[in-house]
Amino acid sequence: MSFDRSIKIAPSILSADFANFGQEIRAIEEQGADWVHVDVMDGHFVPNLTFGPPAVKAFRPHVKTFMDVHLMIAPVDPYIEAYAEAGADMITAHVEAGPHIHRTIQAIKAQGVKAGVAVNPGTPLESIEHVLDLVDMVLIMTVNPGFGGQKFIHSGVEKTRRCREMIGDREIHIQIDGGVTTETAPLVAAAGADVLVAGSAVFKGGSVDQAQVYGDNIRAIRAAAEAAQ
Ligand code: DX5
Ligand code: ZN
């Protein structure tokens, strides 16, 4: 995939119907999703549990766009190979998840997939400064990870602006995750973000039988963000 900073909408299937992932993935892609965001939680790094590698492997054949796997697990290194083999196109690990983020990113790249590094709302950007040359994406959390449907934390806007400055002309995406809506998307897009994760704001009001609602939601977030970029 060639690099650009156009707005990409990455619906989080954490807000999908858990009994119907194949159809949900097809529905959001047909309705304009650019990436599919998969939230992996371990009940330890975050207080919730979601998808092991076999689940992610089962999603893979349904994803025609780009499978973006957000690992909220600690430790992370022992599981990187399994999630790569499950078919992730990008694996993002949290800087807070272990003492050796540099090694973790090297391990992700060694699997031949794209690598992202995530920072929680309370974590300074300085913690990732020295790995920026290794990564394809920085994920700025705008909620404390663990659950969908939380309120956007506004300090993420200034953090995004500073992250964009740190990146300079390097080909690194900035992804925002948590509380993205038509109200908050323009703030982070103006600050330099290009990949917007949205769970509740994409899936609200829709279903696989009412998939045009997903499309309306995706188009509204994209339009709000593009107008501000
Ligand atoms: C939070 C997850 C997010 C979350 C986003 O831990 O990483 O991807 O599902 O959900 P919304 O968009 O509802 O805040
Ligand atoms: Zn996520």
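Figured I'd write up the structure that's included with this text. (Residues numbered from 1 in each chain as written. Chains lettered and ligands numbered in written order. Predicted model: local features only at pLDDT ≥ 70, side-chain atom pairs only at ≥ 80, totals over all residues. Heavy atoms only, no water.)

## Describing the layout of surface pockets
In this model, the largest pocket occupies a volume close to 320 Å³. Lining the largest pocket are 30 residues; nearest its centre among them are Gly-149, Gly-178, Gly-179, Gly-199 and Ser-200. Of all the secondary structure elements, the ones that give two or more residues to the lining of the largest pocket are β2 (36-41), β3 (67-72), β8 (195-198), α7 (200-203) and α8 (211-228). Examining the composition of the lining of the largest pocket, we find that 3 residues originate from one element, α8, more than from any other. When grouped by side-chain class, the residues that make up the lining of the largest pocket number 13 nonpolar, 14 polar and 3 charged. (1 Å grid on protein atoms, 1.4 Å probe; cavity = no way out; pocket = protein on both sides within 12 Å on 5 of 7 lines; lining within 4 Å. Points joined across faces, edges and corners; volume = space filled by probe spheres on them. Helix = DSSP H or I, 4+ residues; strand = E, 2+ residues; numbered from the N terminus. Nonpolar A, V, L, I, M, F, W, Y, C, P; charged D, E, K, R; others polar.)

## Re the coordination of the zinc ion (ligand 2)
The protein atoms that coordinate the zinc ion (ligand 2) are His-37 (NE2), Asp-39 (OD), His-70 (ND1) and Asp-177 (OD), at distances spanning 2.0 to 2.3 Å. Taken together, the 6 donor atoms coordinating the zinc ion (ligand 2) span angles of 67 to 167° at the metal, a pattern that classifies the geometry as octahedral. When the donor residues of the zinc ion (ligand 2) are listed from N- to C-terminus, their spacing reads H-x1-D-x30-H-x106-D. Linking His-37 in strand β2 with Asp-177 in strand β7 (residues 173-177), this pair joins segments that are 140 residues apart in sequence. Asp-177 carries the same exposure label as His-37, and that label is buried. (Donors = N, O, S within 2.8 Å, 3.2 Å for Na, K, Ca; no water. Tetrahedral: all angles 85-135°; square planar, octahedral: opposite > 155°, others 65-115°. Buried < 20%, exposed > 50% of the residue type's maximum accessible area, 1.4 Å probe, protein only.)

## Remarks on the packing of aromatic side chains
Throughout the structure, instances matching the rule amount to 7 aromatic pairs. Each ring, one from Phe-18 and one from Phe-51, has its centre 5.5 Å from the other, and the planes form 35°; the classification is tilted. Of this pair, Phe-18 sits in the loop between β1 (8-11) and α1 (21-30) while Phe-51 sits in the loop between β2 and α2 (53-59); the two residues are 33 residues apart in sequence, bridging distant segments of the chain. On the basis of relative accessibility, which here comes to 5%, the residue Phe-51 falls in the buried class. Ring centres 5.5 Å apart and planes at 85° place the aromatic pair Phe-21 and Phe-51 in the edge-to-face group. Residue Phe-21 is located in helix α1, and its partner Phe-51 is located in the loop between β2 and α2; the two are separated by 30 residues in the primary sequence. Phe-51 shares its class with Phe-21; the two are buried. By the ring-pair criterion, three or more aromatic residues cluster together here, those being Phe-18, Phe-21, Phe-51 and Phe-59. (Phe/Tyr/Trp six-rings, centres within 6.5 Å; stacked < 30°, edge-to-face > 60°.)

## Quick word on the environment of Cys-163
Locating Cys-163 in the fold gives a position in helix α5 (residues 155-167). A relative accessible area of 1% places Cys-163 in the buried class. For the pair formed by Cys-163 and Leu-139, sequence separation is 24 residues and the distance between their alpha carbons is 10 Å. The residues touching Cys-163, leaving out its near neighbours within four places in the chain, are Leu-125, Val-138, Ile-140 and Ile-174. (Contact = heavy atoms within 4.5 Å.)

## A look at the sheet that holds strand β5 (residues 114-119)
The strand order across the open sheet formed by 8 strands is β1-β8-β7-β6-β5-β4-β3-β2, and the pairing between neighbours is parallel. Each end of this open sheet is capped by a strand with a single partner; those strands are β1 and β2. Going from strand to strand, the sheet's axes swing by 25° on average, the running direction of each strand aside. Here β7 pairs with β8 via 2 bridges, running parallel. Across the sheet, residue Gln-175 finds its bridge partner in β8, namely Val-195. Contacts from helix α4 (residues 101-110) reach β4 (90-94) and β5, with the element oriented near 150° to β5. (Pairing = 2+ DSSP bridges. Axes fitted to C-alpha atoms, helices over the stretch in contact; angles between N-to-C directions.)

## Notes on the packing of α1 against α8
Two elements in contact, α1 and α8, have axes separated by 8 Å at closest approach and are oriented at 50°. When the axes of α1 and α8 are compared, the pair comes out oblique. In terms of crossing hand, the pair formed by α1 and α8 is right-handed. Counting all contacts with α1, which are made through Glu-24, Ala-27 and Ile-28, the residues of α8 involved are Ala-211, Tyr-214 and Ile-218. Counted by class, the contact of α1 with α8 contains 5 nonpolar, no polar and 1 charged residues. (Parallel < 35°, antiparallel > 145°, perpendicular 65-115°, else oblique. Left-handed = near helix turned anticlockwise from the far one by under 90°.)

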